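# An overview of the molecular structure
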Amino acid sequence: MGLAGNVDEVVVALALKASRSDPKFGSQIHGFAISSGYISFTTVSNSLMNMYSKSGLLERALCVFYGLSYPDIVSWNTILSGFKKSEDAFGFAVRMNLNGVVFDPVSYSTVLAFCSNQEEFRFGTQLHSLVLKFGLDCEVFVGNALITMYSRWEHLSDARRVFDEMPMRDLVSWNAILSGYTQEGGHGFEAILIFINMVRERMELDHVSFTSAVSACGHERNLELGRQIHGLTVKSGYDTHVSVGNVLISTYFKCEVIEDANLVFWNMDERNVVSWTTMISINEEEAMSLFINMRLDGVYPNDVTFIGLIHALSTRNLADKGRNVHGFCIKTGFFSEQNICNSLITMYAKFGSMEDCLKVFKELRYREITSWNSLISGFAQNRMFQEAVQMFLLAVTELKPNNYTFGSVLSAIADAEDISLKYGQQCHSYLIKLGLNTDPIMSGALVNMYAKRGSISESQKVFHDSPERSQFAWTAIISAYAGHGDYESVIKLFREMEKEGVKPDSITFLSVLTACSRKGMLEMGRELFDSMMNNYEIEPSPEHYSCMVDMLGRAGKLDEAEEMMNKIPGQPGLSVLQSLLGACRIYGNVEMAERVADALMALEPAESGPYVLISNMYAEKGEWEKVAKVRRWMRDRKVKKEIGFSWVDVGDSLSLHGFSSSDNSHPQSDEICRMAKCLGIEMKVLRDAEKEHLQGNFIDNEYNEGAQCG
């Protein structure tokens, strides 16, 4: 400061500009400006305000501003750009207007950048009108701000109109519209066209251009173009940029080229948390190893990292490592994150440890509906259906349920044998009350629930009342009729589904093939099986092969059935072997039955079905020594026939009462048996009376016919 004689207001302003990263030194220059009188120069005051604003010291900037006698537009814009909250910025902009300050392009572009909610967006559209009124639409950075605002609010047609009407465009303009199309997700093709036009216009592309273009290729699953743009990034030197590398990894993963994603990752000079998190999410087998390497690389994880890692460990059923990660989350303070706790609940549910699920759930400081959904879904997945319904009943007392809540509880009620149907009906009523019953997924879930619980008429009603019949709804109603043995309706509905242009899935075909099998429609079944593979490109599952084996077996084509069974990937399952064994018994093929029974006994030694079937076949052939041998096997292996259960709704209880043949466990079993005996006697009396009535009618008819002949 000893060179004060050689300093003027320009030097002070430049020194303040250089002090933006060091507000302490800037404050010293501020003191010098006051003592030397240079503070009276508006340019110096503006530089002071800019220095304080960029340093996050807006209050000091405002003190300088309020000391100005005649602030110019730069003064106003400097303060305007220093605000962090949109409401403060809009309040200041209104004050500018009230003070008669005429907005310039910088004012408009700054305010437009703050339009972050619906009300502010409407204000932004009004500013657009003023921009047009004052002829500022020709300003490049005003146009850029408008494109960004419209893109942020998914008004891409308005953003494109602004872009197309700009007399001059810079790289920011192109990048703004390109990013807008990419962020929307469903406009990858338009984004690719914009990028191609950028190349044709010989724009100097940067990392933002490449990031958006590669991301668009990922959305469109366009691997060929993605590789071409990757080559262009290498040529331009942007392949080493961390954001470009991250989006290349994501795109190669979406295009199912994991090897290339790995190559990009390991060739990156710098990797940030996004790079590591993306790799953990796409490479589940190496997720834990990648996480350890991430920590060794000095990169600190975020909540998304842990969610991806927990999902990978859940998928691979690595319970011990999952618990280690849980402990690490507690140690590092991430356990307080709601989404991580929800992931942990889901993880423990997949491990079958509902006790740990409840422990995590109870430790939550706040339980959002997603937390309840994870817990309800966990109980349903682990076939703890009553607990799932109980949690649902608790959840609705605290929060408003959503589609996922109802999806989980309806699935639990559908699969439960011991829960009263009235709880499913209550869920249905609640869905109607919330207006969610028209949702295609919910309609399908209701159709499925009613069908599995034996109320096919309610399933049909829900299906016909659905305003939009999705693939899920069609599959649900077709499966419902298949489950109830109405195979004619199955075929009829399948043909209607095809006419309406709804593409069937593997489950639809499973129901239709089952119908063909039960109805003996072998040729149609073969045609549909071929159509599934050739026309719909659906790879047959073991269940589809099982249907075809059952179909061929019922038609007596046992050799073809065995040949079809041998095509099943892996090894034949229990159901297909049982089907073929049943067919062998019907058509008396003992030789094949022995092979199939041996395979079944090896697969399920304690299952009584194959022993009973092969024993009956030997008995029918009079081979009593073999019958005795099979029974001896059953005794030695302690094989017992599984007892069948029935359920009855007995009142307001959540669960139904289950009972089996010769079951005396109920405290009122004597009374129940007496009532059953009374009902049996009454049924016999009614049956005998009906029989006598029919015989009387027959004799009368015979007598009348004889009289007419005489």
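Here we summarise the structure given alongside this text. The structure displayed is predicted, hence computed values, not measured ones.

### Quick word on the overall build of the chain
Counting its regular elements, the chain contains 39 helices and two strands. In terms of principal-axis extent, the alpha carbons of the chain reach across some 140 × 55 × 55 Å. Across the 710 residues in the chain, those meeting the buried criterion constitute 43%. Across the chain, contacts joining residues at least 24 apart in sequence account for 59% of those joining residues at least 6 apart.

### Here's the deal with the pattern of salt bridges
A pair can form between side chains of opposite charge whenever their charged atoms are brought close. Scanning the entire structure with this criterion turns up 16 salt bridges. A salt bridge links Asp260 to Arg227; the nearest nitrogen and oxygen atoms lie 2.6 Å apart. Of this pair, Asp260 sits in helix H16 (residues 258-267) while Arg227 sits in helix H14 (residues 223-236), placing them 33 residues apart in sequence. Since its relative accessible area comes to 19%, Asp260 is described here as buried.

### So, unusual backbone geometry
With glycine set apart, most residues show a phi of negative sign, and most peptide bonds adopt trans. Phi angles above zero are rare outside glycine, and Asn317 is one such case at about 55 degrees. Its identity is not glycine, yet Arg383 carries a phi of approximately 60 degrees, on the positive side.

### Brief notes about the side chain of Asp206
On the secondary structure map, Asp206 appears in the loop between helix H12 (188-200) and helix H13 (207-220). Of the side chains with opposite charge, Arg169 lies nearest to the buried Asp206, which makes no salt bridge, at 16 Å. Sequence-distant contacts of Asp206, that is, excluding residues within four places in its chain, are made with Leu171, Asn175 and Tyr238.

### Quick word on helix H27 (residues 440-452)
The end-to-end C-alpha distance of H27 is 18 Å, a good match for the 18 Å that 13 residues give at a rise of 1.5 Å each. In terms of burial, H27 is largely enclosed, as 10 of its 13 residues are buried. Within H27, burial applies to Pro440, Met442, Ser443, Gly444, Ala445, Leu446, Val447, Met449, Tyr450 and Ala451. Turning to H27, the residues buried within the fold contact helix H25 (403-415), helix H26 (421-434), helix H28 (456-465) and helix H29 (471-483). Looking at where H27 begins, the residue whose side-chain oxygen comes 2.9 Å from the main-chain nitrogen of Ile441 is Asp439.

### Examining the state of the cysteines
One pass over the structure, following the stated rule, counts zero disulfides. Free of any disulfide, Cys547 has its nearest neighbouring cysteine sulfur in Cys516, separated by 9.2 Å. With a relative accessible area of 10%, Cys547 lands in the buried category.

### A word on the nonpolar core
Core analysis: the biggest nonpolar cluster contains 200 residues, and Val12 and Leu580 have the highest contact counts within it. Excluding its chain neighbours within four sequence positions, the residues that come into contact with Leu580 are Val549, Leu558, Ala561, Glu562, Met565, Met592 and Val596.

### A short note on the side chain of Ser455
On the secondary structure map, Ser455 appears in the loop between H27 and H28. Filtering out sequence-adjacent residues up to four positions away, Ser455 remains in contact with Leu421, Tyr450 and His484.

### A short note on the packing of aromatic side chains
With the rule as written, the count across this model stands at 30 aromatic pairs. Consider the rings of Tyr348 and Phe351, whose centres lie 6.4 Å apart with planes at 80 degrees: the pair is edge-to-face. What makes Tyr348 buried here is its relative accessible area of 3%. Accessibility expressed as a relative area gives 16% for Phe351, which makes it buried. Taken together, the ring pairs in this structure connect Phe65, Tyr66, Trp76, Phe83 and Phe92 into an aromatic cluster. Here the basic side chain of Arg169 rests over the ring of Phe163, its NZ or CZ set 4.4 Å away from the ring centre. Of note, Arg469 hangs over the ring of Phe463, and the distance from its end group to the ring centre comes to 4.7 Å.

### Looking at helix H36 (residues 590-603)
Residues lying three or four places apart along an α-helix face the same way, a consequence of the helix completing one turn every 3.6 residues. A rise of 1.5 Å per residue sets the reference length of H36, with its 14 residues, at 20 Å; its end C-alpha atoms lie 20 Å apart and thus fit the reference within 8%. Taken residue by residue, H36 has Val590, Met592, Ala593, Val596, Ala597, Leu600 and Met601 as its buried positions. Buried positions in H36, seen along its axis, are confined to an arc of 165 degrees and lie on one side of it. Exposed and facing more than 90 degrees away from the buried side of H36 are Glu591 and Ala602.

### Describing the packing of helix H17 (residues 273-282) against helix H19 (residues 303-315)
Two elements in contact, H17 and H19, have axes separated by 8 Å at closest approach and are oriented at 15 degrees. Relative to H19, H17 is oriented roughly parallel. The chirality of how H17 crosses H19 is left-handed. Counting all contacts with H17, which are made through Val273, Thr277, Ile280 and Ser281, the residues of H19 involved are Val304, Thr305, Gly308, Leu309 and Ala312. Considering only residue class, the contact of H17 with H19 consists of five nonpolar, four polar and no charged.

### Examining the packing of H17 against helix H18 (residues 287-296)
Geometrically, a packed helix pair is captured by the angle between its two axes and the distance between the axes. Close contact between H17 and H18 brings their axes to 9 Å; oriented N to C, the two are set at 165 degrees. Considering their axes alone, H17 and H18 lie roughly antiparallel with respect to each other. As H17 runs across H18, the sense of the crossing is right-handed. Facing Val273, Trp276, Met279 and Ile280 of H17, the residues of H18 in contact are Ala287, Leu290, Phe291, Asn293 and Met294. Classifying every residue of the contact of H17 with H18 by side-chain character gives eight nonpolar, one polar and no charged.

### Remarks on the environment of Asn197
In this structure, Asn197 sits in helix H12. Residues Asn197 and Trp174, spaced 23 residues apart in sequence, show a C-alpha to C-alpha distance of 9.4 Å.

### Concerning a positive patch on the surface
On the surface, Lys629, Arg631, Arg632 and Arg635 cluster together into a positively charged patch. Along the polypeptide, Arg632 turns up in helix H38 (residues 624-636). Residue Arg632 is classed as partly exposed on the basis of its relative accessible area of 40%.

### Digging into a nonpolar patch on the surface
On the surface, Phe189, Leu193 and Ile196 cluster together into a nonpolar patch covering about 260 Å² of accessible area. One can find Ile196 in helix H12.

### A few points about the environment of Glu220
Note that Glu220 resides in helix H13. A relative accessible area of 36% means that Glu220 is categorised as partly exposed. It is 37 Å that separates the C-alpha atoms of Glu220 and Pro105, two residues lying 115 residues apart in sequence. Once residues lying within four places of it in the same chain are set aside, the contact partners of Glu220 are Gly188, Phe189 and Ile192.

About the cut-offs
- Residues numbered from 1 in each chain as written.
- Predicted model: local features only at pLDDT ≥ 70, side-chain atom pairs only at ≥ 80, totals over all residues.
- Heavy atoms only, no water.
- Helix = DSSP H or I, 4+ residues; strand = E, 2+ residues; numbered from the N terminus.
- Buried < 20%, exposed > 50% of the residue type's maximum accessible area, 1.4 Å probe, protein only.
- Contact = heavy atoms within 4.5 Å.
- Salt bridge = Lys/Arg side-chain N within 4 Å of Asp/Glu carboxyl O.
- Lys, Arg positive; Asp, Glu negative; His and termini not counted.
- Expected span 1.5 Å × (residues − 1).
- Polar contact = N/O pair within 3.5 Å; in protein donor to acceptor, adjacent residues only side chain to side chain.
- Disulfide = S-S within 2.5 Å.
- Core = buried A, V, L, I, M, F, W, Y, C linked by side-chain atoms within 4.5 Å.
- Phe/Tyr/Trp six-rings, centres within 6.5 Å; stacked < 30°, edge-to-face > 60°.
- Lys NZ or Arg CZ within 6 Å of the ring centre and 35° of its normal.
- Arc of directions from axis to C-beta.
- Axes fitted to C-alpha atoms, helices over the stretch in contact; angles between N-to-C directions.
- Parallel < 35°, antiparallel > 145°, perpendicular 65-115°, else oblique.
- Left-handed = near helix turned anticlockwise from the far one by under 90°.
- Nonpolar A, V, L, I, M, F, W, Y, C, P; charged D, E, K, R; others polar.
- Patch = residues over 30% accessible without salt bridge, like charges linked within 9 Å, V, L, I, M, F, W, Y side chains within 5 Å.
- Areas by Shrake-Rupley, 256 points an atom, 1.4 Å probe, with all protein chains shown as cover.
- Charge placed at Lys NZ, Arg CZ, Asp CG, Glu CD.

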